[in-house]
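# Secondary and tertiary structure notes
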Amino acid sequence: MGPPPQAGRFHVREDSTVDQVMVEERAAAFGKRSIKTSSKLAGLKMAVAMMDLTTLEGKDTPGKVAFVCRKALQPAEPKYQVPACAAVCVYPNMVRHARRFLGENSAVNVASVATGFPSGQYPLRTKLEEVRRATGDGADEIDMVIDRNAFLTGEHTRVFDEIAAVKQACGAAHLKVILETGELVTCDNVRLASRIAMEAGADFIKTSTGKVQPAATMPVTLVMMEAIRDFFYATGTRIGMKPAGGIRNSKQALAYLVMVKETLGDDWLTPDLFRFGASTLLNDVLMQIARTVDGNYQGADYFSLP
């Protein structure tokens, strides 16, 4: 990585216009690929390893966070050989509880939403204070949300500068930048916001907070993946991708993995470069793994709620 981006260094240029109809047709095709049983099982386990197991409710407690951490560490019985999840994602006030439960060298990272999640409508000083507090309490990753008001009113340099400032405040923590694509209206806006985030220093770009509908969709994710691919061709830097919200079953998860492979390549098929934001997805994937291994379904109540 080069030196950190400097304030005011983002320059708007003409991005190629996204053909939305073509994007929707291509995205739909990924869900129609035939996957053999052995590849399906490997894909399902890969999806578990890529999940940020998330609890973002006003009623979250230290006990709830500990429960989610326990499930992230061991999602299923050892006989199924299911890997740990990539991270648990919590509010800033819950970071210290997650860190205490997981310990310092856990296979599961602690991610914290920040910067006035989910609205992004907070003063920059407050956003940066929240980020520093979360990393100080032990967050390995920060999931920030952009100010959509600034973006939609054309203040693209302001959006860039805020992301760059948050990246600096993260220190050693990785930064995921949430675009909240459901509020960006057009695919062209999604592509431009993706470029702004990557040029400002994002380690990942992420579709959604999960609090706005529509959240992650395959066409929007494809637009973001193509922006990541073009950024890699231009700079040699690999940026991660995280669709979040609305991905509820294993069939959808596998379709996303096919899209990753065919758009970005095998190098991105790792938790270091691809994540699912998941609260309800995990149990469906575990049910499919159990069915593939045992030859029959386990009931939904066989698995603990996330």
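In what follows, the structure referred to is the one given above.
What comes next is a walk through the structure. Fair warning: this is a prediction, and the values are worked out from it, not measured in the lab.

Reading guide: rules and limits
- For every chain, the first residue of its written sequence is number 1, and the numbers climb from 1 along that sequence.
- Given that the model is predicted, a residue must reach a pLDDT of at least 70 before its local features are reported, and side-chain atom pairs must reach 80 or more before they are shown or counted; all residues, however, enter totals for whole chains, interfaces and linings.
- Here the side-chain values reflect all heavy atoms present in the structure, with hydrogen atoms and water set aside.
- Secondary structure is summarised from DSSP: a helix means a run of H or I of at least four residues, a strand means a run of E of at least two, and numbering begins at the N terminus for each.
- To estimate the expected span of a helix, subtract one from its residue number and multiply by 1.5 Å.
- Buried residues are those whose accessible area, probed at 1.4 Å on protein chains only, stays under 20% of the maximum for their type, while exposed residues exceed 50% and partly exposed ones sit between those limits.
- A contact between two residues is defined here by any heavy atoms of the two lying within 4.5 Å.
- Each axis is a line fitted through C-alpha atoms, and for a helix only the stretch in contact is used; angles between axes span 0 to 180 degrees, taken between their N-to-C directions.
- When an angle is under 35 degrees it counts as roughly parallel; over 145 it counts as roughly antiparallel; between 65 and 115 it counts as roughly perpendicular; any other value is oblique.
- Salt bridge criterion: a side-chain nitrogen from Lys or Arg within 4 Å of a carboxyl oxygen from Asp or Glu.
- For two strands to count as paired, DSSP must find a minimum of two bridges between them.
- A crossover gets the label right-handed when its path from the first strand over the helix to the second runs clockwise, viewed with the strands pointing away from the viewer.
- Each Phe, Tyr or Trp ring (for Trp, its six-membered ring) is paired with any other whose centre lies within 6.5 Å, and the angle between the two planes then decides the class: stacked below 30 degrees, edge-to-face above 60, tilted in between.
- Within 3.5 Å is the distance limit for a polar contact, defined as a pair of N or O atoms, with the added protein rule that one can donate a hydrogen and the other accept it, and that residues adjacent in sequence qualify only through two side-chain atoms.

This brings us to helix α11 (residues 281–294). Along its 14 residues, α11 runs 20 Å from first to last C-alpha, staying within 8% of the 20 Å computed at 1.5 Å per residue. All buried positions along α11 are accounted for by Leu281, Leu282, Asn283, Val285, Leu286, Met287, Gln288, Ile289 and Ala290. Buried residues along α11 sit against α2 (37–49), β1 (51–54), α3 (62–73), α10 (250–263) and β8 (276–278). Positive phi appears at Gly295, one or two residues downstream of α11, with a value of about 85 degrees.

This brings us to the packing of helix α1 (residues 20–30) against helix α9 (residues 218–235). When two helices pack together, their arrangement is given by the angle between their axes and by how far apart the axes lie. Where α1 meets α9, the axes come as close as 8 Å, and the angle between the chain directions of the two elements is 105 degrees. When the interaxial angle is binned, α1 and α9 end up roughly perpendicular. Two secondary-structure elements touch here, α1 through Val23, Glu24, Arg26, Ala27 and Phe30 and α9 through Met218, Pro219, Leu222, Val223 and Glu226.

The next point concerns the pattern of salt bridges. Across all of its chains, the model carries 24 salt bridges by this definition. For Asp52, the salt bridge goes to Lys176, with nearest N and O atoms at 3.3 Å. Here Asp52, found in strand β1, pairs with Lys176, found in strand β5 (residues 174–178); they are 124 residues apart in sequence, far enough to count as distant. Take Asp52 and Lys176: they sit in the same class, and that class is buried.

Another aspect to go through is the sheet that holds β8. The sheet built from eight strands is open, its strands ordered β7-β6-β5-β4-β3-β2-β1-β8 with parallel pairing. The open sheet has two edge strands with one neighbour each: β7 (240–242) and β8. Going across the sheet, the axis of each strand differs from the next one's by a mean of 25 degrees, ignoring polarity. Summarising the sheet, β1 and β8 pair through three bridges and their orientation is parallel. Its bridge partner being in β8, Asp52 is matched across the sheet by Gly277.

What follows deals with the pairing of strand β3 (residues 109–114). Buried residues dominate β3, accounting for five of its six residues. As defined by bridge partners, strand β2 (residues 87–90) adjoins β3 across four bridges and the pair is classed as parallel. Following the sheet pairing, Cys89 is matched in β3 by Ala111. By the bridge criterion, four bridges tie β3 to strand β4 (residues 141–145) in an arrangement that is parallel. Note on β4: the bridge partner recorded for Ala114 is Met144. Once the chain exits β3 it traverses helix α5 (residues 124–136) before rejoining the sheet at β4, and the crossover so formed is right-handed.

Counted according to the given criterion, the structure contains five aromatic pairs. Ring geometry for Phe232 against Tyr233: centres 6.2 Å apart, planes inclined by 45 degrees, an arrangement best described as tilted. Between Tyr256 and Phe276, the ring centres sit 6.2 Å apart and the planes meet at 85 degrees, which makes this aromatic pair edge-to-face. Taken together, the residues span a long stretch of sequence, with Tyr256 in helix α10 and Phe276 in strand β8 at a distance of 20 residues. An identical accessibility class is assigned to Tyr256 and Phe276; each is buried. An aromatic cluster is built from Phe232, Tyr233 and Trp268, whose rings are joined through pairwise contacts.

This part takes up unusual backbone geometry. The amide bond that connects Phe117 to the next residue, Pro118, takes the cis arrangement and shows omega of 0 degrees. Within the fold, Pro118 resides in the loop between β3 and α5. Residues Gln213 and Pro214 are joined by a peptide bond in cis, for which omega reads 0 degrees. Its location among the elements puts Pro214 in the loop between β6 (204–206) and α9. One non-glycine residue, Thr115, adopts positive backbone phi at about 65 degrees. We note that Val185 has phi near 75 degrees; this positive angle belongs to a residue other than glycine. Relative to the helices and strands, Val185 resides in the loop between β5 and α8 (187–199). Overall, Val185 belongs to the exposed group, its relative accessible area being 69%.

Across its 12 residues, α3 extends 16 Å between first and last C-alpha, which sits within 8% of the 16 Å expected from 1.5 Å per residue. Where α3 is buried, its residues contact β1, β2, α4 (95–102) and α11.

With respect to the helices and strands, Thr186 occurs in the loop between β5 and α8. With 88 residues separating them along the chain, Thr186 and Phe274 place their C-alpha atoms 23 Å apart. For Thr186, the side chain forms a polar contact with the main-chain nitrogen of Asn189, separated by 3.0 Å.

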